[in-house]
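Letter by letter, the chains look like this.
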Amino acid sequence: IKTTEAGAMALGLAGALLSHACSRRPPLGPMGTTSSSETLRVGELSYLFDSLDDRPVSSSAFRGKPTVLAFVASDDLASQAEADFLAVMAKHDGDKVNYALVAVEAPERRELVENFRAFFESKFGVSLRTGMADKDLLLGLGPFGDVRRLTVIVLDASGKVAWQKTGIAKSEEIRAAIARL
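First, a word on scope: everything that follows refers to the structure included in this document. (Residues numbered from 1 in each chain as written. Predicted model: local features only at pLDDT ≥ 70, side-chain atom pairs only at ≥ 80, totals over all residues. Heavy atoms only, no water.)

Describing the packing of aromatic side chains
Aromatic ring pairs: the centre-centre distance and the angle between the two ring planes describe each pair.
Thought 1: Counted according to the given criterion, the structure contains 7 aromatic pairs.
Thought 2: Ring plane angle 80 degrees and centroid distance 6.2 Å describe the contact between phenylalanine 49 and phenylalanine 71, whose orientation is recorded as edge-to-face. Of this pair, phenylalanine 49 sits in strand 2 (residues 48-51) while phenylalanine 71 sits in strand 4 (residues 67-72); the two residues are 22 residues apart in sequence, bridging distant segments of the chain.
Thought 3: The buried category is assigned to phenylalanine 49, whose relative accessible area is 5%.
Thought 4: Where phenylalanine 71 meets phenylalanine 144, the ring centres are 5.3 Å apart and the plane angle is 55 degrees; that geometry is what we call tilted. One end of the pair, phenylalanine 71, is in strand 4; the other, phenylalanine 144, is in the loop between helix 5 (135-138) and strand 7 (151-155), with 73 residues separating them in the sequence.
Thought 5: Exposure remark for phenylalanine 71: the relative accessible area of 0% places this residue in the buried category.
Thought 6: Each residue in the set Tyr47, Phe49, Phe71 and Phe144 is aromatic and connected to the rest through ring pairs, giving one cluster. (Phe/Tyr/Trp six-rings, centres within 6.5 Å; stacked < 30°, edge-to-face > 60°. Helix = DSSP H or I, 4+ residues; strand = E, 2+ residues; numbered from the N terminus. Buried < 20%, exposed > 50% of the residue type's maximum accessible area, 1.4 Å probe, protein only.)

What to know about helix 3 (residues 77-93)
Thought 1: Taking 1.5 Å per residue as the helical rise, helix 3 with its 17 residues ought to reach 24 Å, and the 24 Å between its terminal C-alpha atoms agrees with that figure.
Thought 2: Within helix 3, the full set of buried residues consists of Ala78, Ser79, Glu82, Ala83, Leu86, Ala87, Met89, Ala90 and Asp93.
Thought 3: The elements touched by buried residues of helix 3 are strand 4, strand 5 (98-103), helix 4 (110-124), strand 7 and helix 6 (171-179).
Thought 4: One or two positions beyond helix 3, positive phi appears at glycine 94, with a value near 60 degrees. (Expected span 1.5 Å × (residues − 1). Contact = heavy atoms within 4.5 Å.)

Notes on the nonpolar core
Thought 1: Residues Val68, Leu86, Tyr99, Leu101 and Ile174 are the most contacted members of the largest nonpolar core, which totals 25 residues.
Thought 2: The biggest single contributor to this core is helix 3, with 6 residues.
Thought 3: Residues contacting leucine 86, with those up to four places away along its chain left out, are Val68, Ala70, Tyr99, Leu101, Leu128 and Ile174. (Core = buried A, V, L, I, M, F, W, Y, C linked by side-chain atoms within 4.5 Å.)

What to know about the packing of helix 3 against helix 6
Thought 1: Viewed as axis vectors pointing N to C, helix 3 and helix 6 meet at an angle of 50 degrees, and their least axial separation amounts to 10 Å. By the criterion of interaxial angle, the relationship of helix 3 to helix 6 is oblique. As helix 3 runs across helix 6, the sense of the crossing is right-handed. Listed contacts from helix 6 to Glu82, Phe85, Leu86, Met89, His92 and Asp93 of helix 3 are Ser171, Ile174 and Arg175.
Thought 2: Of the residues belonging to the contact of helix 3 with helix 6, the class tally is 4 nonpolar, 2 polar and 3 charged. (Axes fitted to C-alpha atoms, helices over the stretch in contact; angles between N-to-C directions. Parallel < 35°, antiparallel > 145°, perpendicular 65-115°, else oblique. Left-handed = near helix turned anticlockwise from the far one by under 90°. Nonpolar A, V, L, I, M, F, W, Y, C, P; charged D, E, K, R; others polar.)

Quick word on the side chain of serine 79
Thought 1: Mapped onto the elements of the fold, serine 79 is located in helix 3.
Thought 2: On the accessibility criterion, serine 79 (1% relative accessible area) is buried.

Some words on empty space enclosed by the protein
Thought 1: Following the criterion strictly, the structure yields 1 cavity of 30 Å³ or more and no others.
Thought 2: In this model, the largest cavity occupies a volume close to 50 Å³.
Thought 3: If you trace the largest cavity, you find it lined by Leu45, Tyr47, Ser59, Phe62, Arg63, Lys65, Thr67, Leu155, Asp156, Ala157, Ser158 and Gly159.
Thought 4: Looking at the lining of the largest cavity residue by residue, the class counts come to 5 nonpolar, 4 polar and 3 charged. (1 Å grid on protein atoms, 1.4 Å probe; cavity = no way out; pocket = protein on both sides within 12 Å on 5 of 7 lines; lining within 4 Å. Points joined across faces, edges and corners; volume = space filled by probe spheres on them.)

Considering helix 6
Thought 1: Listing the buried residues of helix 6 in full gives Ser171, Ile174, Ala177 and Ile178. Angularly, the buried residues of helix 6 cover 130 degrees about the axis, an arc narrow enough to put them on a single face. More than 90 degrees from the buried face of helix 6, the exposed residues found are Glu172 and Ala179.
Thought 2: The inward-facing, buried residues of helix 6 contact strand 4, helix 3, strand 5, strand 7 and strand 8 (161-166). (Arc of directions from axis to C-beta.)

Re the pairing of strand 5
Thought 1: Burial within strand 5 is extensive, with 6 of its 6 residues counted as buried.
Thought 2: Neither face of strand 5 is open: one carries Asn98, Ala100 and Val102, the other Tyr99, Leu101 and Ala103, and all of them are buried.
Thought 3: Relative to strand 5, strand 4 runs parallel, the two sharing 6 bridges. Bridged to valine 72 within strand 5 is alanine 103.
Thought 4: Assessed by its sense of winding, the connection that carries the chain from strand 4 through helix 3 to strand 5 is right-handed.
Thought 5: Bridge count between strand 5 and strand 6 (residues 129-132): 4 bridges; the pairing is parallel. In the sheet register, alanine 103 faces strand 6, and the bridge partner there is methionine 132.
Thought 6: As for the winding sense of the linkage, the β-α-β connection from strand 5 through helix 4 to strand 6 is right-handed. (Pairing = 2+ DSSP bridges. Right-handed = clockwise from strand over helix to strand, strands pointing away.)

Structural data, given as structure tokens:
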């Protein structure tokens, strides 16, 4: 291979890797960490996410009942498993607990997120409220901190964080957190 051909190939490979790296969420901290409300923000949180339908995904809409928020990505297997758990729980719990997905994805991926939600609706016969992350959340900012990796948060009826886990949260863990409220 000539030097110019090798340089061109290296440049092309670097460009492809950079393009792929920029299209994905950055790796963030270890997964599977759990925090109690004592180590999280204290007080009611205010949030409003762009809902995929007419059901709001907001602090005011969820106040009055325990709420489970899962910050997910449609192309992430762990997020898909988490959505499975939450759909089953939502079907079982009915109106006793609020369940919602918040897609931590850029606005141009909205159609993928709609398909993601539709899949779980057809599979389980329950439609989880789903919102799109805002600009701050995509930057790792906002009322819940950096939730750009799969994160499940349980809020009490007043909207205070009661439990949080980064990584897959199994139904039993979420139920235990709700039971402590």
